[in-house]
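# Analysis of the macromolecular model
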Amino acid sequence: AVVSTQSTGDTGVALLDMGDSVPSVVRFMQDSIVAAGNSSYLMHWGLSGKLKYKVTSKLESIKDISINSNVREQPVLLAAGTPSEINVFLDLGYLSHTVPFLV
């Protein structure tokens, strides 16, 4: 969900349309919202609620995302999920590495 200001000045809630995916994790990153869930996609939304881009991971579903936003020039995004892997996104627009881990 995205909190938005309506024309009346009231605060409202808008839901992000993620198609067939059900969001289970949402993170705020600078001027974007990153959401993921029961699909292989990471959805990058603008603060207005408009989809900026969708990135494919190698995961069947994404359980958690971590973003190192301390480095403004090139933030690193990690996505963990099923199967037991961590996908590393050095550039937020494409998958850089996949690292298996033991549960």
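In this report, the structure presented in the accompanying data block is examined. (Residues numbered from 1 in each chain as written. Predicted model: local features only at pLDDT ≥ 70, side-chain atom pairs only at ≥ 80, totals over all residues. Heavy atoms only, no water.)

One pass over the structure, following the stated rule, counts zero aromatic pairs. Taking the ring centre of Tyr41 as reference, the NZ or CZ of Lys54 above it sits at 4.3 Å. (Phe/Tyr/Trp six-rings, centres within 6.5 Å; stacked < 30°, edge-to-face > 60°. Lys NZ or Arg CZ within 6 Å of the ring centre and 35° of its normal.)

In this section: the sheet that holds strand E6 (residues 51-56). What the four strands build is an open sheet, ordered E3-E4-E5-E6; its pairing is antiparallel. What marks the edges here is a single partner per strand, and that holds for strand E3 (23-29) and E6. Each strand of the sheet is rotated relative to its neighbour by a mean of 20°, with strand direction disregarded. Bridge count for strand E5 (residues 41-46) against E6 is five bridges, and the pairing is antiparallel. Counted as the bridge partner of Trp45 is Leu51 from E6. (Pairing = 2+ DSSP bridges. Helix = DSSP H or I, 4+ residues; strand = E, 2+ residues; numbered from the N terminus. Axes fitted to C-alpha atoms, helices over the stretch in contact; angles between N-to-C directions.)

Overall, antiparallel pairing links the four strands, which are arranged E7-E8-E9-E10 in an open sheet. Of all strands in the sheet, those with a lone pairing partner are strand E7 (61-68) and strand E10 (97-100), marking the two edges. Direction aside, the axes of adjacent strands within the sheet are offset by 20° on average. Where strand E9 (residues 85-89) meets E10, four bridges bridge the pair, whose relative direction is antiparallel. Within the sheet, the bridge partner assigned to Glu85 lies in E10 and is Pro100.

On to unusual backbone geometry. Omega for the peptide link from Thr82 to Pro83 comes to -5°, which places this bond in the cis form. As for its placement among the helices and strands, Pro83 is situated in the loop between strand E8 (76-82) and E9. Even without being a glycine, Gln30 presents a positive backbone phi close to 50°. Topologically, Gln30 is positioned in the loop between E3 and strand E4 (32-37). For Gln30, a relative accessible area of 40% gives the class partly exposed. (Buried < 20%, exposed > 50% of the residue type's maximum accessible area, 1.4 Å probe, protein only.)

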